[in-house]
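Each chain, written out:
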Amino acid sequence: MAHSDATEPFDLILMGANGDLALRKLIPALYHLFCDNRLHRQGRIWTVSRSVPSKSAMLALCKAAMLEFDPQVTFNEGTWGEFTDYISFVNMDFEKSLGYEKLQKKLKDVKRQRIFYCALHSKLYPTIAKQLAHSGLITQVSRIVLEKPIGSDYESGALINKCMAEYFSESQIYRIDHYLGKETVQNLLALRFANSLFEHQWNQRYIDHIQITISESIGVESRSGFYEGTGALRDMLQNHLLQLLCMTAMEPPASLDAQAIRNEKVKVLKNLKPITGADIDEHVVRGQYEAGFIQTENGNEAVQRYRDELGVDGHSVTDTFVAMKVEIDNWRWAGVPFYLRTGKRLAKRACEIVVQFKQVPHSIFEMQHKKTMANKLVFRLQPDEGVRLQLCEKRIGHHQQVRPMTLSLKSSNEEEARIPDAYERLLTDVINNNPTLFLREDELMAAWKWADPILQHWQDNDLKPETYAAGSWGPAAATLLLAKDGRLWEENNE
Ligand code: BG6
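The structure presented is a predicted model; accordingly, all values stated were derived computationally and were not measured.

> An account of the packing of aromatic side chains is requested, with residue identities and associated values reported.
Note on aromatic pairs: each is described by the distance of the centres and the angle between the planes. Summed over the entire model, instances satisfying the criterion amount to 12 aromatic pairs. Taking 6.4 Å as the distance between ring centres and 70° as the angle between the ring planes, the aromatic pair formed by tyrosine 289 and tyrosine 468 counts as edge-to-face. Remark: tyrosine 468 occurs in strand S17 (residues 466–469) and tyrosine 289 occurs in strand S8 (residues 284–290); sequence separation between them is 179 residues. Looking at tyrosine 468, the relative accessible area reads 3%, which means it is buried. Seen in terms of ring centroids, tyrosine 339 and tryptophan 489 are 6.2 Å apart; in terms of plane orientation they differ by 70°. Their pairing is edge-to-face. One end of the pair, tyrosine 339, is in strand S12 (residues 338–343); the other, tryptophan 489, is in the loop between helix H15 (476–483) and helix H16 (490–493), with 150 residues separating them in the sequence. Accessibility classification places tyrosine 339 together with tryptophan 489 in one group, the buried group. One aromatic cluster is present, formed by Tyr31, Phe34, Trp80, Phe83 and Tyr86 through successive ring pairs. The ring of tyrosine 179 carries lysine 182 above its face, with NZ or CZ at 4.4 Å from the centroid. Over the ring of tryptophan 489 we find arginine 341, and its NZ or CZ is 4.0 Å from the ring centre.

Given below as structure tokens:
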């Protein structure tokens, strides 16, 4: 048998296999793992769907999605053929017991690692857990993977957790946030905790502020059913952005052990300064895109406003953009603002964590743009992953003038030609039973507890999002959010 990194044979039951997430991310990730021999050859992927009638229809969807969405695909009919032998299919309604009974008959071996992957709306999670339990599908070696957002506020999140806890132990529940599987986020840990250079400077004495941006140029695509009523705060900020903030701000964990890292992350979440009352209007910007132009490979493309997207209510107040100023109440970060921002239909697809250091206390050099010349460490998660450090150097020949220069820290692992997608890493971790990069129950609840007053405020006051043109960097108020503090978003500094 060929070499495989997966420790044991497994059954991965992919529920919602024809959904956007499964087709765009999970199937390509599994195909890459298969091609790289990282999946045990006696493993099996069970694609489960309610609306797809047959295995051949499911495979046709998967293949089309691979070719459309996977930028790294080196598609090979031969390997694809082998991969399709690895895939099984079950048609079932997630709310009825019949399908679970069908599944029970098919999954015979109770000793195999059994992973139920819920790539579905979280309102279905309690029903699924209950049905799995009633059909006797949950074995000693079963795990359940829950996609975010888990719930839509504190109360619904707590309800889902409570229901899960009836059927699974906490160690069997894998709450996934794929941003934690991105290579640069792992590198952030390495840079912070494997070097003494940065850690001494990593606090309010040396850092002026931190910006975390996840911008997307895509719109809501075919996901309005999910996105309407969810919005950017629930879809991106409450999870991905807060997790990046935790990784940036947490205290050094004692080890890479799952509990050690989660203990530190949850402390950050619990120390987030609550944003309530009038502070919400002051510190949070909520936006929705209007029509505009998006840059594509073929030039500028005209795109419609959010309210005209298929399946979106013409009076929708769903946020497609959110920016905010966040503070952490502890010794390390007192007084250091973290500016978080995310949105759809923005100028370009990018994700960066920018650590802006303070200026030197007294400059002996002539500096033309003093503010933009302070040191800056930028972690770029996408589209191209890497780290850059902005320093100052002397301008050649010009008396004693200094100018900014950038050191680019490219990965020295030359042999790693392809950067694995975050889902490849995380799926392998689930199969190998490694929960380090997954959220614990208390982390999820701390994040909802902090986000709830903002969501509530918007709802209670019937607040409408500010508009922004598709292809821009969001509403003017987002620029103002930093301008009030005498700062600029990173792209305005370039
Ligand atoms: C998902 C969100 O979690 O992350 C999507 O639901 C978003 O709305 C996606 O498009 C972005 O992920 P990535 O890895 O492409 O930046």
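Once you've had a look at it, read on.
> How would you explain the pairing of strand S14 (residues 376–382) if you had to name every residue and give the values?
A large share of S14 lies buried, amounting to 7 of its 7 residues. Relative to strand S15 (residues 386–394), S14 runs antiparallel, the two being bridged by 5 bridges. The partner of leucine 377 across the bridge, within S15, is leucine 389. The hairpin formed by S14 and S15 contains 3 residues between the paired strands.

> Requested: an account of the site of the ligand, with residues and values cited.
Tyr179, Lys182, Glu216, Asp235 and Gln382 are the nearest of the 13 residues found near the ligand. Between lysine 182 and the ligand, the recorded distance is 2.7 Å, taken from a side-chain N or O atom to an oxygen atom. Between the ligand and aspartate 235, the relevant distance is 2.6 Å, taken from an oxygen atom to a side-chain nitrogen or oxygen of the residue. Alone, the ligand offers 390 Å² of accessible surface; in the complex the protein occludes 88% of this. Among the elements that line the shell around the ligand, the one with the most residues is helix H10 (residues 231–249), at 3 residues. Residues of the shell around the ligand, tallied by class, amount to 2 nonpolar, 3 polar and 8 charged.

> Any details on the sheet that holds strand S5 (residues 142–146)? Residues and values, ideally.
As summarised here, the arrangement of the 6 strands in space is S3-S2-S1-S4-S5-S6, forming an open sheet in which the pairing is parallel. The sheet is open, and its two edges are formed by strand S3 (87–91) and strand S6 (173–175), each paired on a single side. Direction aside, the axes of adjacent strands within the sheet are offset by 20° on average. Sheet analysis places S5 next to S6, joined by 3 bridges and oriented parallel. Note that in S6 the partner of isoleucine 144 across the bridge is isoleucine 173. Contacting strand S1 (10–15), strand S4 (113–118), S5 and S6, helix H13 (residues 422–431) runs over the sheet at an angle of about 135° to S4.

> For the packing of helix H1 (residues 20–35) against helix H2 (residues 55–69), give the residues involved together with the corresponding values.
Their axes nearest at 9 Å, the elements H1 and H2 cross at an angle of 90°. Viewed along their axes, H1 and H2 adopt a mutual orientation that is roughly perpendicular. In this structure, H1 uses Leu23, Arg24, Ile27, Pro28 and Tyr31 to contact H2, whose residues at the interface are Met58, Leu61, Cys62, Ala65, Met66 and Phe69. Residues that form the contact of H1 with H2 fall into these classes: 10 nonpolar, no polar and 1 charged.

> So what's going on with the side chain of glutamine 382? Which residues, and what values?
Locating glutamine 382 in the fold gives a position in strand S14. Overall, the relative accessible area of 6% leaves glutamine 382 in the buried class. If we skip the residues at most four places from it in the chain, glutamine 382 touches Tyr179, Lys182, Arg349, Ala350 and Cys351.

> Describe unusual backbone geometry, and please don't skip the residues or the numbers.
Lysine 148 connects to proline 149 through a cis peptide bond whose omega is -10°. Residue glutamine 382 is joined to proline 383 through a cis peptide bond whose omega torsion reads 10°. The phi dihedral of glutamate 221 falls on the positive side, at around 50°, and the residue is not glycine. Its location among the elements puts glutamate 221 in the loop between strand S7 (207–215) and helix H9 (224–227). Phi is positive for aspartate 462, which is not a glycine, with a value near 50°. Counting through the fold element by element, aspartate 462 comes out in the loop between helix H14 (441–460) and S17.

Parameters and conventions
Residues numbered from 1 in each chain as written. Predicted model: local features only at pLDDT ≥ 70, side-chain atom pairs only at ≥ 80, totals over all residues. Heavy atoms only, no water. Phe/Tyr/Trp six-rings, centres within 6.5 Å; stacked < 30°, edge-to-face > 60°. Helix = DSSP H or I, 4+ residues; strand = E, 2+ residues; numbered from the N terminus. Buried < 20%, exposed > 50% of the residue type's maximum accessible area, 1.4 Å probe, protein only. Lys NZ or Arg CZ within 6 Å of the ring centre and 35° of its normal. Pairing = 2+ DSSP bridges. Near = heavy atom within 4 Å. Polar contact = N/O pair within 3.5 Å; in protein donor to acceptor, adjacent residues only side chain to side chain. Areas by Shrake-Rupley, 256 points an atom, 1.4 Å probe, with all protein chains shown as cover. Nonpolar A, V, L, I, M, F, W, Y, C, P; charged D, E, K, R; others polar. Axes fitted to C-alpha atoms, helices over the stretch in contact; angles between N-to-C directions. Contact = heavy atoms within 4.5 Å. Parallel < 35°, antiparallel > 145°, perpendicular 65-115°, else oblique.

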